[in-house]
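# Reading the structure
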Amino acid sequence: MQSITSELVHQTIRRRPAESHKGTYGRVMLIGGNQNFGGAIIMAATAAIYSGAGLVTVATDLVNLTSLHAQLPEAMVVDYHQTAMMTQLLKTMDVIVIGPGLGTDQFAARLLTTVLAQVQPQQRVVIDGSALTLLATRTQPLPAAQIVVTPHQMEWQRLSGLKIADQTPTANHLAQQRLGVTAIVKAHHTTVYTTDRVWFNPGGTPAMATGGMGDTLAGMIGGFTAQFKDFTNAILSAVYLHSEIADDLAQARYVVLPHQISAEIPKYMHRYSLN
Ligand SMILES: NC(=O)C1=CN([C@@H]2O[C@H](COP(=O)(O)OP(=O)(O)OC[C@H]3O[C@@H](n4cnc5c(N)ncnc54)[C@H](O)[C@@H]3O)[C@@H](O)[C@H]2O)[C@@H](O)CC1
Ligand SMILES: Nc1ncnc2c1ncn2[C@@H]1O[C@H](COP(=O)(O)OP(=O)(O)O)[C@@H](O)[C@H]1O
Ligand SMILES: [Mg+2]
């Protein structure tokens, strides 16, 4: 098992070239936020935008439109019930984040199937939250693309069949190999599984144990994988920074709120981007 280091983050987050524009920094679509969990997709989209993604579109239930725009006017919005519009937009995306606050009803299950069927090989996909719970009940293979799943231990139990007590690095790695996609198993110390390696995240604090913290990580991974070429390093850097920011804030706070992490992301990324 190899520790994620600040050096890896430093090598990943580079200074932005002057000759660049929003298109350079990636198009991300975040899909989720039903009538009960609108906050989840708002937190994920906030993290993606504060991570520097160039263009962010939120596909959600339109009941969330006003609150999303009040918080995040930078985001574009589409009604996730509009299949033709979704199909057209999905083609143009570099990264698709699906699951925060999606719910697990029949509509959500159909939407997940529709979206996964349209994923192109060059696209990157982050599967989180409700989409993981739905995935655990599906038998269809995942599309050929760069995919990362971001389960917490209960979601990983559903997806891998491993009980939380049996989720050792060796067992998790075997389960990841069967799935064939990068897996982030979120816990006090999160571990990340790729084809050839197991990574250990040194950061993390119980001050992070509050709803929306994982939605925020999913959005950060969306933002990072939209901008940084190496898929694994982009993922590892997002995991590291998410907990590093939380650890720093927790020095003077009992609980760290997800939006407080997002507010800090540009400052930390600036620092890492310096030579
Ligand atoms: N403001 C919002 O709209 C929020 C929406 N959320 C969404 O709600 C949906 C359901 O997600 P949940 O995770 O709440 O529900 P789940 O039912 O998937 O998992 C939660 C259960 O797993 C248990 N658990 C065991 N080990 C855990 C671990 N290491 N980390 C976290 N939980 C662990 C918890 O105690 C809890 O009983 C997702 O789509 C999620 O994105 C949540 O993120 C909470 C905030
Ligand atoms: N006790 C803890 N120590 C370290 N990190 C934690 C702790 N509790 C939660 N976290 C982190 O917070 C995030 C929670 O993710 P998740 O359960 O998916 O949240 P949500 O779905 O509510 O957004 C993960 O990144 C996890 O590692
Ligand atoms: Mg979650």
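Note that the structure is predicted; figures quoted are calculated from it, not measured.

So, how was this worked out
Residues numbered from 1 in each chain as written. Chains lettered and ligands numbered in written order. Predicted model: local features only at pLDDT ≥ 70, side-chain atom pairs only at ≥ 80, totals over all residues. Heavy atoms only, no water. Patch = residues over 30% accessible without salt bridge, like charges linked within 9 Å, V, L, I, M, F, W, Y side chains within 5 Å. Areas by Shrake-Rupley, 256 points an atom, 1.4 Å probe, with all protein chains shown as cover. Salt bridge = Lys/Arg side-chain N within 4 Å of Asp/Glu carboxyl O. Helix = DSSP H or I, 4+ residues; strand = E, 2+ residues; numbered from the N terminus. Near = heavy atom within 4 Å. Polar contact = N/O pair within 3.5 Å; in protein donor to acceptor, adjacent residues only side chain to side chain. 1 Å grid on protein atoms, 1.4 Å probe; cavity = no way out; pocket = protein on both sides within 12 Å on 5 of 7 lines; lining within 4 Å. Sits in = over half its atoms within 2 Å of the grid points. Nonpolar A, V, L, I, M, F, W, Y, C, P; charged D, E, K, R; others polar. Contact = heavy atoms within 4.5 Å. Pairing = 2+ DSSP bridges. UniProt positions renumbered as here; feature names shortened; annotations may be inferred. Buried < 20%, exposed > 50% of the residue type's maximum accessible area, 1.4 Å probe, protein only.

This paragraph deals with a nonpolar patch on the surface. Taken together, the side chains of Tyr-254, Val-255 and Leu-257 present a nonpolar region at the surface, about 350 Å² in accessible area. Along the chain, Leu-257 falls in the loop between helix 10 (231-250) and helix 11 (258-273).

Attention now goes to the site of ligand 2. Taken together, 16 residues lie near ligand 2, and Lys-186, His-188, Gly-212, Gly-214 and Asp-215 sit nearest. The separation between an oxygen atom of ligand 2 and a polar side-chain atom of Lys-186 is 2.7 Å. Contact between ligand 2 and Gly-212: an oxygen atom at 2.9 Å from a main-chain N or O atom of the residue. Expressed as a share of its isolated accessible area of 580 Å², the protein-covered part of ligand 2 is 79%. Because more than half of its atoms lie within 2 Å of the grid, ligand 2 is assigned to the largest pocket. Here the shell around ligand 2 takes three residues from helix 9 (residues 213-227), the largest share from any one element. Here the residues of the shell around ligand 2 sort into five nonpolar, nine polar and two charged.

This part takes up the environment of Ala-175. Locating Ala-175 in the fold gives a position in helix 8 (residues 169-179). Taking C-alpha positions, Ala-175 is 32 Å from Val-56, a pair spaced 119 residues apart along the chain. Filtering out sequence-adjacent residues up to four positions away, Ala-175 remains in contact with Trp-156, Ser-160 and Leu-162.

Moving on to the site of ligand 1. Around ligand 1 sit 19 residues, and of these Ser-130, His-152, Gln-153, Arg-158 and Asp-215 come closest. In this structure, Ala-40 approaches ligand 1 through a main-chain N or O atom, which is 3.1 Å from an oxygen atom. Between an oxygen atom of ligand 1 and a side-chain N or O atom of Asp-215, the distance comes to 2.7 Å. Against a free-state accessible area of 850 Å², the protein chains account for coverage of 57% of ligand 1. Broken down by secondary-structure element, the contributors of at least two residues to the shell around ligand 1 are helix 2 (38-50) and helix 7 (153-160). Here the residues of the shell around ligand 1 sort into seven nonpolar, eight polar and four charged.

Here we come to the sheet that holds strand 9 (residues 191-193). Strands sit in the order 1-10-9-8-7-6-5-2-3-4 across an open sheet of ten strands; the sheet is mixed. Lying at the two open borders of the sheet, with one neighbouring strand each, are strand 1 (2-3) and strand 4 (76-79). Both strand 2 (residues 27-31) and strand 3 (residues 55-60) contribute to a ladder of five bridges, which runs parallel. Following the sheet pairing, Val-28 is matched in strand 3 by Val-56.

The next point concerns the UniProt feature "binding site: (6S)-NADPHX" (unreviewed entry) in the protein. Mapped onto the present numbering, the UniProt feature "binding site: (6S)-NADPHX" (unreviewed entry) falls on Ala-40, Gly-101, His-152 and Asp-215. Lining the largest pocket, from the residues just named, are Ala-40, His-152 and Asp-215. When its relative accessible area of 9% is taken as the criterion, Ala-40 is described as buried. When residues no more than four places from it in sequence are discounted, the contact partners of Ala-40 are Pro-100, Gly-101 and Asp-215. Here His-152 lies in the loop between strand 7 (146-149) and helix 7. Given the relative accessible area of 35%, His-152 is considered partly exposed.

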